[in-house]
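# Working through the structure, step by step
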Amino acid sequence: MSTKAKAILIIGLVILFLAGMMVFNAYKDYLHSNSDTYVGNTTGNINNGGYMCEIDGTVFFANPYYNGYLYAMKSNEEDIHMISMVQACMLNADSKSLYYYVNSGSSPSSLGGFSIQTLGIFKTGHDGKGTKQIEKIICGTMRLMGNDIYYQRYDNETGRKTMAKYNIRSHKTDIVYEATDINPAAGDGGYIYYTGLEKDHYLYRMNVQNYAPELVAEGNIWFPDKQGNLIYYMDADDDHKICVYDMSTGEKKTLTQDSADNFLVVNGYIFYQR
């Protein structure tokens, strides 16, 4: 093979490699997929600001001792290190990425420490690299369920308040419900369970296929947390005691005599602040 032919072959292979990398980078998010029932954080953590989450032995958290910057460590509390100089909350994670919300005004960024205006929903790698903004918007509660991030969306320019979802594979954002106060923190992949705030404080659920609301139980119910057929919540008619409602039997039980400020259900235990 002549020198000229070799050069053409090498150039062709380089072009083919670069083209392949471009295609892979364009579609790598679509190749990743979570199960329909996957959730990016616990309900209790999300309802309390989502300042930490854990996946595969790694804990991501907003470090209160260092300006609330985004840190990571092993679940045994070793290898503590900063991954980004952003004040993040509403943390959600899957095996590929970390998703979070930032609304801290002007704060140092991971781009050389420059001070920039940070606002919106972001995604980054577990190492803090490859950070991208999903949407520059004011956001309330947000939670990853399956391959969709459901979030309360507040548009400053129009004053519009809606429930939105962002698909992490297609990068498509949809407005799914014209409602102001549906909290997506509690869900199982098929439904979002929430407290009604427009007419009453009953327990409702919304089907994520057609976004139709449905009454589940009456009561003055706050911060529902679904675990199987059980709904844990704070009863605002009974001094915010923690209760459980069995959806299969309709039975309600009061679990604490304390007035709770917040709570977390995980691994068969209820942790709460009184």
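Let me sum up the structure you'll find in this document. Keep in mind that this is a model prediction, so the values were computed, not measured.

## With respect to the layout of surface pockets
Taken as a whole, the largest pocket holds about 480 Å³ of empty space. Taken together, 23 residues line the largest pocket, and the ones lying closest to its centre are Asn41, Thr42, Asn45, Leu264 and Val266. Ranked by the residues each element gives to the lining of the largest pocket, the list is headed by strand 1 (residues 52-55), at four residues. Grouping the amino acids of the lining of the largest pocket by side-chain chemistry returns nine nonpolar, nine polar and five charged. Counted as a void, the second largest pocket has a volume near 240 Å³. In this structure, the second largest pocket is lined by 13 residues; those nearest its centre are Tyr177, Tyr194, Gly196, Glu198 and Tyr204. Considered class by class, the residues forming the lining of the second largest pocket number seven nonpolar, two polar and four charged.

## Brief notes about the pattern of salt bridges
Inspection of the entire model under this criterion finds eight salt bridges. Two residues, Arg160 and Glu178, come together in a salt bridge whose shortest N-O distance is 2.2 Å. Taken together, the residues span a long stretch of sequence, with Arg160 in the loop between strand 9 (148-154) and strand 10 (161-167) and Glu178 in the loop between strand 11 (173-177) and strand 12 (186-187) at a distance of 18 residues. Arg160 sits in the partly exposed class, given a relative accessible area of 37%. By sharing partners, the salt bridges in this structure join Glu135, Arg153 and Asp155 into a single network.

## Details of the side chain of Arg205
Within the secondary structure layout, Arg205 lies in strand 14 (residues 203-207). Within polar-contact distance, the side chain of Arg205 engages the side chain of Tyr193 at 3.2 Å. Dropping the residues within four chain positions of it, Arg205 is found in contact with Tyr191, Ile192, Tyr193, Tyr194, Ala212, Pro213, Glu214 and Val216.

## Things to note about the sheet that holds strand 13 (residues 191-195)
Pairing is antiparallel in the open sheet, where four strands are placed in the order 12-13-14-15. One side of each edge strand has no neighbouring strand; the edge strands of this open sheet are strand 12 and strand 15 (213-217). In terms of strand pairing, strand 12 meets strand 13 through two bridges, oriented antiparallel. When the sheet's bridge partners are listed, Gly187 is paired in strand 13 with Ile192.

Thresholds, definitions, all that
- Residues numbered from 1 in each chain as written.
- Predicted model: local features only at pLDDT ≥ 70, side-chain atom pairs only at ≥ 80, totals over all residues.
- Heavy atoms only, no water.
- 1 Å grid on protein atoms, 1.4 Å probe; cavity = no way out; pocket = protein on both sides within 12 Å on 5 of 7 lines; lining within 4 Å.
- Points joined across faces, edges and corners; volume = space filled by probe spheres on them.
- Helix = DSSP H or I, 4+ residues; strand = E, 2+ residues; numbered from the N terminus.
- Nonpolar A, V, L, I, M, F, W, Y, C, P; charged D, E, K, R; others polar.
- Salt bridge = Lys/Arg side-chain N within 4 Å of Asp/Glu carboxyl O.
- Buried < 20%, exposed > 50% of the residue type's maximum accessible area, 1.4 Å probe, protein only.
- Polar contact = N/O pair within 3.5 Å; in protein donor to acceptor, adjacent residues only side chain to side chain.
- Contact = heavy atoms within 4.5 Å.
- Pairing = 2+ DSSP bridges.

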